[in-house]
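This is what each chain is made of:
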Amino acid sequence: MSDTQNEKREWPLYEVFVRGKRGLNHVHVGSLHAADDQMALTHARDLYTRRNEGVSIWVVRSEHIAASTRDEKDPFFAPSADKVYRHPTFYDIPDDVPHI
Amino acid sequence: MSTAHAAASPDSDAVQELESQFDATIARDQRIEPRDWMPEGYRKTLVRQIAQHAHSEIIGMQPEGEWITRAPSLRRKSILFAKVQDEAGHGLYLYSAAETLGIDRAELTQRLLEGRQKYSSIFNYPTPSFADVGVIGWFVDGAAICNQVPLCRSSYGPYARAMVRICKEESFHQRQGYELLLTMMRGTREQREMVQDAVDRWWWASLMMFGPPDDDSPNSAQSMAWKIKRHSNDELRQRFVDMTVPQAAKLGVTLPDPELRWNEERGHHDYGTPDYSELKRVISGDGPCNAERMERRRAAHEEGAWVREAASAHAAKQAARARAEAAA
Amino acid sequence: MSDDHVYMTLAEGHDDSDARWAFGTGFEDPLHGVDTTVPEGVDAVELVALCAALGDDALVLAQRLAEWVTRAPELEEEVALANIGLDLLGQARLLYARCGQVDGTGRGEDAYAYFRDADEFRNVRLAELPNGDFAFSIVRLLVLSSWRLAHFVELSASPDPVLAAIAAKGVKELTYHRQYAAEWTVRLGDGTEESRARTEVALESLAPYWEELFVAHDVRDAVTEDLRQVLGAAGLPVPQAEFLPGAGRQGAHTDHLGPLVTEMQSVARAHPEATW
């Protein structure tokens with residue numbers, strides 16, 4: 001995707017890793033959308049540490065994460081092995097939604 | 001799910017093998033993770049369920065959000081502000097969980113705005129008094145906890161993890177609501193009347209948050225088998241009633257149901273039947289505030305478009321400048 | 001583990017009420033161990049006036065930020081704007097509480113927020129102006145955060161230990177507010193033609209109210225330097241504007257404060273005997 005196309009699209013997805021306290025690893029806590037790295041850090045601070053949960057935050061664009069598949073023979077992910085979280089989908093959701 | 005998947009067209013033996021692996025994972029009560037193979041129905045049902053939950057958090061900010069500027073003490077203002085902010089946070093956790101199933105938040109928002117996906121109909125009722133803030137915390141968040149605590153054991157990992165975080169925060173929400181009502185009940189006669197009035201208006205709608213009765217809930221059986229729903233609607237409703245009755249007594253309010261009484265034999269409270277035809281009417285868009293809620297969400301989304309575009313444009317320019325600098 | 005058990009686990013052990021709430025960041029009591037006696041040589045009347053005015057700035061701006069709830073341009077910004085509003089609300093509460101201690105009335109924070117009329121508020125006019133669009137709110141936040149931060153840095157050395165402690169806590173919060181507003185100002189200035197045009201309009205409409213800040217407390221150099229840097233990075237001109245006479249610090253407000261205060265106080269005043 002080129003940068004100019006990007007302007008009209010959604011902000012990209014970032015994965016957020018928080019170090020809960022000194023001596024612990026950074027742990028994946030979730031994701032968020034941001035236009036750039038700085039915004040991702042700001043949003044991560046606001047969203048994932050608003051109850052004082054962290055001393056350090058890492059953010060990384062989801063599409064930059066390389067991951068192993070659980071099963072190398074897994075045919076489902078073969079076409080998109082380099083994309084972690086963003087599989088294009090075209091399926092429809094029925095309208096008769098039950099209450100949660 | 002995707003055309004890419006169809007193009008791969010694995011032979012039926014391979015699919016059967018994957019399906020039995022999936023079933024075995026569920027049977028062992030282990031979690032399904034984003035990169036695992038999963039049946040298409042499982043994925044679709046989860047997307048629908050998580051998206052509806054996320055939309056509910058976001059639309060659910062509105063009925064209480066209206067009271068932040070009018071909260072009658074600075075302490076209540078802070079609590080309510082933080083609570084409504086939490087709901088935005090919960091919406092974000094849930095949209096994130098949905099995105100691991102391969103769908104963009106933008107697409108989900110679009111589906112909400114086009115009315116193709118729903119949100120909890122409880123948020124289509126108005127909040128005419130400040131006591132409503134307390135009753136929403138007590139009933140609506142209480143019902144949400146009954147619904148959501150079992151989902152912390154949902155078979156889908158990202159959803160289960162989001163629910164753990166959300167449930168921890170929701171338990172404070174319920175407590176702040178109940179504490180507000182306790183304080184109001186110790187206040188003036190007028191305040192006590194406000195509380196009873198709000199209880200009368202929200203009770204039946206809250207019972208309907210658990211959905212239609214079990215014999216009229218078409219998707220439940222499959223969801224239970226997949227462990228993305230862990231208890232039936234009526235089980236959860238019963239749990240909510242049993243939990244709430246003693247709390248109401250302690251508070252000194254009357255729940256507006258003449259049939260409500262303890263059933264020694266069952267070990268549960270009997271209660272009257274909610275008007276499910278009203279539930280259907282509100283879900284289908286005919287509730288008191290449906291149009292208003294959707295309009296607010298649409299307006300925020302549309303009026304924010306230029307801001308989101310500006311941020312994307314700036315990020316693109318920055319990236320281009322960095323590339324030019326690197327090339328020079 | 002049964003679900004009932006899970007529920008009990010979630011609900012128990014959180015009886016330290018407020019401390020567990022997400023009031024912005026940091027749960028330590030900023031006034032822990034601070035002596036509340038007014039030190040000798042500190043003019044109580046001046047101290048009360050200053051605390052009330054700074055409390056009013058924070059409360060009125062928090063009220064405007066609360067109006068963004070459910071209306072922000074993206075969900076992540078809902079969370080961010082609420083954090084800033086909560087920080088400011090927290091500052092207002094501490095400052096009002098200090099007023100009640102020092103003016104001898106022993107009044108609580110709510111007496112100042114809910115039972116003074118609009119013409120008794122001493123906030124700067126910049127805080128009370130309606131939100132306008134996102135660009136307007138961001139530029140207002142940038143200028144107010146920059147000014148308040150420079151002011152609080154000085155106040156953290158105040159001879160009044162309570163005000164000094166409140167200011168020291170506020171410095172951390174305001175540093176973040178200024179950063180948030182600065183990042184957005186740059187994005188909007190550099191972003192699209194539309195965002196740039198809107199930000200220029202915001203700068204021009206807000207500039208007439210800036211001088212009032214320096215009359216209230218002169219930290220002009222710090223604010224000017226902040227603006228020069230941020231607007232420079234955003235590619236935006238520093239606006240030149242005639243000062244609009246009047247001063248919120250003297251109670252001369254715009255027409256916008258009255259409705260804001262009336263709405264804020266509506267429930268509290270409808271039930272004056274009530275407890276919440």
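None of the values given here were measured: they were computed from a predicted structure.

In terms of helices and strands, chain B carries 14 helices and two strands. With respect to the three principal axes, the spread of C-alpha positions in chain B is 75 × 55 × 35 Å. The proportion of buried residues among the 328 residues of chain B is 62%. Of the contacts formed within chain B by residues at least 6 apart in sequence, a portion of 77% connects residues at least 24 apart. Total accessible area on chain B is roughly 12,000 Å²; 52% of this is exposed by carbon and sulfur atoms. The centroid of the 42 positive side-chain charges in chain B is displaced by 5 Å from the centroid of its 47 negative side-chain charges.

When its secondary structure is counted, chain C shows eleven helices and zero strands. Along chain C, helices (α) and strands (β) appear in the sequence α-α-α-α-α-α-α-α-α-α-α when read from the amino end. Across chain C, the fraction of contacts at a sequence separation of at least 24, relative to all contacts at a separation of at least 6, is 81%. Put simply, chain C shows about 11,000 Å² of open surface, and 54% of that area lies on carbon and sulfur atoms.

All names here are of chain A. What the three strands build is an open sheet, ordered 2-1-3; its pairing is antiparallel. Each edge of the sheet is formed by a strand with only one pairing partner; in this case those strands are strand 2 (26-33) and strand 3 (56-61). Averaged over neighbouring strand pairs, the angle between their axes works out to 25° when direction is ignored. Here strand 1 (residues 13-19) pairs with strand 3 via six bridges, running antiparallel. For Arg19, the partnering residue across the bridge sits in strand 3 and is Ser56. In this fold helix 2 (residues 37-48) packs onto strand 1, strand 2 and strand 3, with an angle of close to 110° to the strand it touches most, strand 2.

Residues and elements named next belong to chain A. In terms of residue burial, strand 1 counts as a mostly covered element, since six of its seven residues are buried. Sheet topology places strand 1 next to strand 2; seven bridges connect them, and they run antiparallel. Among the inter-strand pairings, Val16 is bridged to a residue of strand 2, identified as Gly30. Taking the residues between adjacent antiparallel strands as the criterion, strand 1 and strand 2 are bridged by six residues, where Gly23 takes a positive phi near 95°.

The next point concerns the pattern of salt bridges. Note that side chains of opposite charge can pair when their charged atoms are close. Scanning the model with the defined rule gives 43 salt bridges over all chains in all. Asp160 of chain C is paired through a salt bridge with Arg98 of chain C; the nearest N and O atoms lie 2.6 Å apart. Of the two residues, Asp160 of chain C is situated in the loop between helix 6 (134-155) and helix 7 (161-190) and Arg98 of chain C in helix 3 (residues 75-102); the sequence distance between them amounts to 62 residues. We note that Asp160 of chain C, like Arg98 of chain C, is buried. Within this structure, Glu64, Lys83, Glu87 and Asp141 of chain B form a network of salt bridges that share partners.

Attention shifts here to the packing of aromatic side chains. Inspection of every chain in the model, using the stated rule, returns 18 aromatic pairs over all chains. Ring geometry for Tyr48 of chain A against Tyr93 of chain B: centres 5.6 Å apart, planes inclined by 25°, an arrangement best described as stacked. Separated into two different chains, Tyr48 of chain A in helix 2 and Tyr93 of chain B in helix 5 (residues 74-99) make up a pair that spans both. Assigned by exposure class, Tyr48 of chain A and Tyr93 of chain B land together as buried. Linked through ring pairs, Trp138, Phe139, Tyr178, Trp203, Phe210 and Phe240 of chain B together constitute an aromatic cluster. Above the face of the Trp67 of chain B ring, Arg70 of chain B is positioned so that its terminal group lies 3.8 Å from the ring centre. It is Arg187 of chain C that lies over the ring of Trp184 of chain C; its NZ or CZ is 5.0 Å from the centre.

Here we take up the confidence of the model for chain C. All names here are of chain C. Averaged over chain C, the pLDDT score is 89; the fraction of residues at 70 or greater is 90%. Taken as a whole, residues 1-26 scores under 50 in pLDDT and shows 52 contacts with residues more than four places along the chain or in a different chain. Interface scoring of the predicted complex returns ipTM 0.92; its pTM is 0.89.

Take the interface of chain B and chain C next. Between chain B and chain C, the contact holds 65 residues from the first and 63 residues from the second. Summing the contributions of chain B and of chain C, the shared interface buries around 5,600 Å²; its carbon and sulfur component is 66%. The largest contributions to the chain B side of the interface with chain C come from Leu74, Phe81 and Trp306 of chain B, which together make up 15% of the buried area. Applying the counting criterion to the chain B and chain C interface returns three salt bridges. Put simply, Asp190 of chain C and Arg321 of chain B hold a salt bridge, and the shortest N to O gap is 2.7 Å. On inspection of chain B and its partner chain C, the count reaches 19 residue pairs in polar contact (both at pLDDT 80 or more). Broken down by secondary-structure element, the contributors of at least two residues to the side of chain B that touches chain C are helix 4 (61-65), helix 5, helix 8 (157-185), helix 9 (189-207), helix 11 (233-251), helix 13 (290-303) and helix 14 (305-327) of chain B. With 15 residues, helix 5 of chain B is the largest single contributor of residues to the side of chain B that touches chain C. Among the residues forming the side of chain B that touches chain C, the class breakdown is 30 nonpolar, 18 polar and 17 charged.

This part takes up helix 6 of chain C. Residue and element names in this part refer to chain C. The first and last C-alpha atoms of helix 6 sit 30 Å apart over 22 residues, in line with the 32 Å expected at 1.5 Å per residue. In terms of burial, helix 6 is largely enclosed, as 20 of its 22 residues are buried. Two or three places before Ala135, at the start of helix 6, stands the capping residue Asp133, its side-chain oxygen 3.2 Å from that residue's backbone nitrogen.

Before going further, it helps to examine the nonpolar core. Judged by nonpolar contacts, the single largest core of 193 residues is most densely connected at Tyr42 of chain B together with Leu126, Phe134, Tyr180 and Trp184 of chain C. Apart from residues lying up to four places away in sequence, Leu126 of chain C is in contact with Arg140, Val143, Leu144, Leu206, Tyr209, Trp210 and Leu213 of chain C.

Right, let's get into the packing of helix 2 (residues 44-66) of chain C against helix 6 of chain C. Residues and elements named next belong to chain C. Look at helix 2 against helix 6: their axes get within 13 Å of each other, and the N-to-C directions meet at 150°. For the element pair helix 2 / helix 6, the angle class is roughly antiparallel. Of the two possible hands of crossing, helix 2 and helix 6 adopt the one that is left-handed. Side by side, helix 2 and helix 6 meet where Leu50, Leu54, Asp57, Ala58, Leu61 and Arg64 of the first sit next to Arg140, Leu141, Leu144, Trp147, Arg148, His151, Phe152 and Leu155 of the second. Across the contact of helix 2 with helix 6, the residue classes break down as nine nonpolar, one polar and four charged.

A separate point is the environment of Val124 of chain C. All names here are of chain C. On the secondary structure map, Val124 appears in the loop between helix 4 (109-114) and helix 5 (125-128). Once the C-alpha coordinates of Val124 and Leu213 are considered, the two residues, 89 residues apart in sequence, prove to be 6.9 Å apart. Val124 has contacts with Asp57, Leu144, Glu212, Leu213, Gly248 and Arg249, leaving out every residue within four places of it along the chain.

To continue, consider the environment of Gly30 of chain A. All names here are of chain A. You can see Gly30 is positioned in strand 2. We classify Gly30 as buried; its relative accessible area is 11%. Residues Gly30 and Tyr14, spaced 16 residues apart in sequence, show a C-alpha to C-alpha distance of 8.6 Å.

Turning our eyes to something else, we now look at unusual backbone geometry. Negative phi characterises most residues that are not glycine, and trans characterises most peptide bonds. The phi torsion at Asp29 of chain B lies on the positive side, around 60°, for a residue other than glycine. Along the chain, the position of Asp29 of chain B falls in the loop between helix 2 (12-27) and helix 3 (40-59).

Cut-offs applied
- Residues numbered from 1 in each chain as written.
- Chains lettered and ligands numbered in written order.
- Predicted model: local features only at pLDDT ≥ 70, side-chain atom pairs only at ≥ 80, totals over all residues.
- Heavy atoms only, no water.
- Helix = DSSP H or I, 4+ residues; strand = E, 2+ residues; numbered from the N terminus.
- Buried < 20%, exposed > 50% of the residue type's maximum accessible area, 1.4 Å probe, protein only.
- Contact = heavy atoms within 4.5 Å.
- Areas by Shrake-Rupley, 256 points an atom, 1.4 Å probe, with all protein chains shown as cover.
- Lys, Arg positive; Asp, Glu negative; His and termini not counted.
- Charge placed at Lys NZ, Arg CZ, Asp CG, Glu CD.
- Pairing = 2+ DSSP bridges.
- Axes fitted to C-alpha atoms, helices over the stretch in contact; angles between N-to-C directions.
- Salt bridge = Lys/Arg side-chain N within 4 Å of Asp/Glu carboxyl O.
- Phe/Tyr/Trp six-rings, centres within 6.5 Å; stacked < 30°, edge-to-face > 60°.
- Lys NZ or Arg CZ within 6 Å of the ring centre and 35° of its normal.
- pLDDT = per-residue confidence, 0-100.
- Buried area = accessible area lost by both parts, 1.4 Å probe.
- Polar contact = N/O pair within 3.5 Å; in protein donor to acceptor, adjacent residues only side chain to side chain.
- Nonpolar A, V, L, I, M, F, W, Y, C, P; charged D, E, K, R; others polar.
- Expected span 1.5 Å × (residues − 1).
- Core = buried A, V, L, I, M, F, W, Y, C linked by side-chain atoms within 4.5 Å.
- Parallel < 35°, antiparallel > 145°, perpendicular 65-115°, else oblique.
- Left-handed = near helix turned anticlockwise from the far one by under 90°.

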